[in-house]
Amino acid sequence: MATIVLETVVRNAACNAVVDLLDVGGAGYIQFETSGDAEVATNTFGATAFGAASVGVATANAISDDTSATGGTVAQASFYNNANAKQFEVNVTAVGGGGSMTLTSLVVGAGDTVSVSSLTVTMPAS
Amino acid sequence: MATTMTVREAIMAALKRYDGGQVVFYSEADGKGRVGAVTLPSPAFPTIVQDEDDNDKWAVCGDIPPTGQCGGGTIRSARLFNAEMQQTQPLGVGVTGSGGYIEVESLEIEHGGPIHITSISCDLDPPIASVPKVLRGIMAEDAPEPGIMGTAEVTRAAGNHWLDSDKWTDAEKQKYLADGERPDGWKFYEPEFSHESQGECPNCGADIWAGEYGDLSCSMCNASISNLG
């Protein structure tokens, strides 16, 4: 089986290239959505969504809370830039469900506050 | 310069990452059909014991107080999740005294009932030939994978506490038991309960019971199950 091992400088470059897409046109945002793509809650990044990658891992800068969510049952999270162009999408599960993102309750009520407490993007060495 | 670690040190470092993690139990040997989950203490493996016969050392997580609200079923495997939600491959589970990686008081878990972990152990001095097997169980999926990993929290707005049944007041629980009415007044099912599973949750695989039918979400992972009806 063929293998490839990325040096740290390459991992960082690849990781930064991905997360910097969210900064195009201004502050990007995360949209928590139902399985039918309906918006449940929206959390906005800062002007620079992520800090510079280190050892292939980029960590998000502070993300604004959605203090009055639309509400619904979350199944996925989509990441948009400021031009409303979706860059990537991840699955969301309850804590322990093994999703890319976990939420303390997938059922979000209208008016609830949704806070993103941690977020990383990883580019492994191989 | 790379640091050389002994096998024991490597395994202990891996185990430390499960401090405050979770053990998720499944009804299938291949890690499908979620039965329930138990949160690991921190540290997760606080005790090292030594085998009197061969002097092997074992890291042990002892008795964990049982937690309830499980989907129920027969336990056949489990995965350990660390705080970053990285998971092991499915591990064997046995009853207390069986000598398995993970031992529980009973493999038969009632719907809504507790899972009582009596012991989780890992050999810190495995023969070299068996290291891959040990690593398969405890460390194999710890390597970072490409992707996004995040956590988010929901804080309920005033009046939305009915979305979390564990937040209901005693009066609300009594009313619910009496006439199947949620605190917001929405009657969503009759209180009579069927012990036959109505299918699996499309998200986590937990059994869906008649009592949950037509509800907003799976009692295990909160995924919407309204479409199953």
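Residues numbered from 1 in each chain as written. Chains lettered and ligands numbered in written order. Predicted model: local features only at pLDDT ≥ 70, side-chain atom pairs only at ≥ 80, totals over all residues.

Draft legend 1. Broad picture of the overall build of chain A. Looking only at helices and strands, one finds 1 helix and 9 strands in chain A. Reading chain A from its N end, one meets helices and strands in the order α-β-β-β-β-β-β-β-β-β. For chain A, the residues scored as buried account for 42% of the 126 residues in total. Look at the contacts in chain A between residues 6 or more apart in sequence, and 63% of them connect residues 24 or more apart. (Helix = DSSP H or I, 4+ residues; strand = E, 2+ residues; numbered from the N terminus. Buried ≥ 20, exposed ≤ 12 C-beta atoms within 10 Å, placed from the backbone. Contact = placed C-beta atoms within 7 Å.)

Draft legend 2. Main features of the overall build of chain B. Scanning chain B for helices and strands turns up 3 helices and 13 strands. The buried share of chain B, reckoned over its 229 residues, is 34%.

Draft legend 3. Quick look at the nonpolar core. Core analysis: the biggest nonpolar cluster contains 44 residues, and Phe32, Val74, Val92, Leu103, Leu106 and Val108 of chain A have the highest contact counts within it. Those residues in contact with Phe32 of chain A, other than ones at most four positions away along the chain, are Val40, Ala41, Val74, Ala77, Val92 and Val114 of chain A. (Core = buried A, V, L, I, M, F, W, Y, C linked by C-beta atoms within 7 Å.)

Draft legend 4. Highlighting the sheet that holds strand 11 (residues 147-155) of chain B. Strand order in the open sheet formed by 8 strands is 2(A)-1(A)-5(A)-6(A)-7(A)-11(B)-9(A)-3(A), with mixed pairing between adjacent strands. On the outer flanks of this sheet lie strand 2 (39-44) and strand 3 (57-59) of chain A, each paired with one strand and no other. This sheet shows a mean twist of 25° between the axes of neighbouring strands, independent of strand direction. Here strand 7 (residues 101-103) of chain A runs beside strand 11 of chain B; their pairing, made up of 3 bridges, is parallel. Bridge assignment links Met101 of chain A to a residue of strand 11 of chain B, and that residue is Gly150 of chain B. Each of strand 3 and strand 9 (113-122) of chain A touches helix 1 (residues 8-20) of chain A; the most contacted strand, strand 3 of chain A, lies at about 35° to it. (Pairing = 2+ DSSP bridges. Axes fitted to C-alpha atoms, helices over the stretch in contact; angles between N-to-C directions.)

Draft legend 5. Molecular detail of the interface of chain B and chain A. Contact with chain B, which involves 32 residues of that partner, is made by 31 residues of chain A. Of all elements in the fold, only strand 1 (22-26) and strand 11 of chain B reach the threshold of two or more residues within the side of chain B that touches chain A.

Draft legend 6. Inspection of helix 1 of chain A at higher detail. All names here are of chain A. Compared with an ideal rise of 1.5 Å per residue, which puts 13 residues at 18 Å, helix 1 spans 18 Å between its outermost C-alpha atoms and is within 8% of the ideal. The set of residues buried in helix 1 consists of Arg11, Cys15 and Val19. Buried residues of helix 1, seen end-on, are gathered within an arc of 55° and therefore sit on one face of the element. Turned more than 90 degrees from where helix 1 packs its buried face, Val9 and Ala17 sit exposed. Close packing links the buried residues of helix 1 with strand 3 and strand 9. (Expected span 1.5 Å × (residues − 1). Arc of directions from axis to C-beta.)

Draft legend 7. Focus on the pairing of strand 9 of chain A. Judged from the 3 bridges that link them, strand 3 of chain A and strand 9 of chain A form a sheet pairing that is antiparallel. Paired with Ala58 of chain A across the bridge in strand 9 of chain A is Val121 of chain A. Inspection of the sheet shows strand 9 of chain A paired to strand 11 of chain B by 9 bridges, in the antiparallel sense. Bridging across to strand 11 of chain B, Ser115 of chain A finds its partner in Glu153 of chain B.

Draft legend 8. How the structure looks around the confidence of the model for chain B. Residue and element names in this part refer to chain B. In the predicted model, chain B carries a mean pLDDT of 71, and 64% of its residues have values of at least 70. For chain B, the element scoring lowest by mean pLDDT is helix 2 (residues 131-138), at 44; strand 11 scores highest, at 89. Low pLDDT, under 50, characterises residues 129-144; the predicted model gives this stretch 29 contacts beyond four residues in sequence or across chains. This stretch, residues 188-195, has a pLDDT under 50; its non-local contacts, to residues over four places away or in other chains, come to 15 contacts. Overall fold confidence for the complex sits at a pTM of 0.51, while the interface term, ipTM, reaches 0.90. (pLDDT = per-residue confidence, 0-100.)

Draft legend 9. Representation of the sheet that holds strand 4 (residues 57-61) of chain B in the model. Residue and element names in this part refer to chain B. The sheet built from 8 strands is open, its strands ordered 2-1-6-7-8-10-4-3 with mixed pairing. Looking at the sheet topology across the chains shown, the edges are occupied by strand 2 (34-39) and strand 3 (47-50). Taking the axes of each pair of neighbouring strands and ignoring which way they run, one obtains an average angle of 30° across the sheet.

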